[in-house]
Amino acid sequence: MFRWQQAEGKRHALDGPFAPRPGETFTALCGAEVTVARRDVPQLGGHWFDPTCSDCADEWLRQDGQARSNEERCPA
Ligand SMILES: [Zn+2]
């Protein structure tokens, strides 16, 4: 499951069931390894003012499209 997470100045996307917590490092869809800060977590008073990582957005669409075409090829 893909989700957006702001970290180190950009809003990246990651594949995982949980949002990372402050201090945790994750590998974004674009390949960047980034660490989440407290200001990156809206529940802790952070704001997602940073720009969306376009590489993550491209990768999200690519993998999303792939998953969909796989479903079409192999109907359960
Ligand atoms: Zn990214």
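An unreviewed UniProt entry lists the chain under the name Zinc-finger, with Amycolatopsis dendrobii given as the organism.

### A look at the overall build of the chain
For the chain, the helix and strand inventory stands at 1 helix and 4 strands. A burial count over the chain gives 17% of its 76 residues as buried. A fraction of 41% describes how many contacts in the chain between residues 6 or more apart in sequence connect residues 24 or more apart.

### Considerations on the nonpolar core
Among the nonpolar cores identified, the biggest contains 9 residues, and these are Ala7, Ala13, Leu14, Ala28, Val34, Val36, Cys53, Cys56 and Trp60. Of all the secondary-structure elements, those providing two or more residues to this core are β2 (10-15) and α1 (54-73). Apart from residues lying up to four places away in sequence, Val34 is in contact with Ala7, Glu8, His12, Thr25, Phe26 and Ala28.

### Some remarks on the pairing of β2
Summarising the sheet, strand β1 (residues 2-7) and β2 pair through 6 bridges and their orientation is antiparallel. Note on β2: the bridge partner recorded for Arg3 is Leu14. The loop that links β1 with its antiparallel partner β2 comprises 2 residues; one of these, Glu8, has a positive phi angle of about 50 degrees.

### Focus: the confidence of the model for the chain
Per-residue confidence for the chain averages 93 on the pLDDT scale, and 96% of its residues sit at or above 70. Averaged pLDDT values over the elements of the chain bottom out at 89 in α1 and peak at 98 in strand β4 (residues 33-35).

### Here's the deal with the environment of Thr35
Locating Thr35 in the fold gives a position in strand β4. Non-local contacts of Thr35, meaning those with residues more than four positions away in its chain, are made with Ala7, Glu8, Gly23 and Thr25.

### Some details on unusual backbone geometry
Outside of glycine, negative phi angles account for most residues, and trans bonds account for most peptide bonds. Its identity as a non-glycine residue notwithstanding, Glu8 has a phi of 50 degrees, on the positive side. Structurally, the position occupied by Glu8 is in the loop between β1 and β2. Note on Glu8: 16 C-beta atoms within 10 Å, which makes it partly exposed.

### Here's the deal with α1
Along its 20 residues, α1 runs 29 Å from first to last C-alpha, staying within 8% of the 28 Å computed at 1.5 Å per residue. Within α1, only 2 of the 20 residues are buried, leaving the element largely exposed.

### So, the environment of Arg73
One can find Arg73 in helix α1. Using a count of 7 C-beta atoms within 10 Å as the deciding quantity, one classes Arg73 as exposed.

Cut-offs and rules
Residues numbered from 1 in each chain as written. Predicted model: local features only at pLDDT ≥ 70, side-chain atom pairs only at ≥ 80, totals over all residues. Helix = DSSP H or I, 4+ residues; strand = E, 2+ residues; numbered from the N terminus. Buried ≥ 20, exposed ≤ 12 C-beta atoms within 10 Å, placed from the backbone. Contact = placed C-beta atoms within 7 Å. Core = buried A, V, L, I, M, F, W, Y, C linked by C-beta atoms within 7 Å. Pairing = 2+ DSSP bridges. pLDDT = per-residue confidence, 0-100. Expected span 1.5 Å × (residues − 1).

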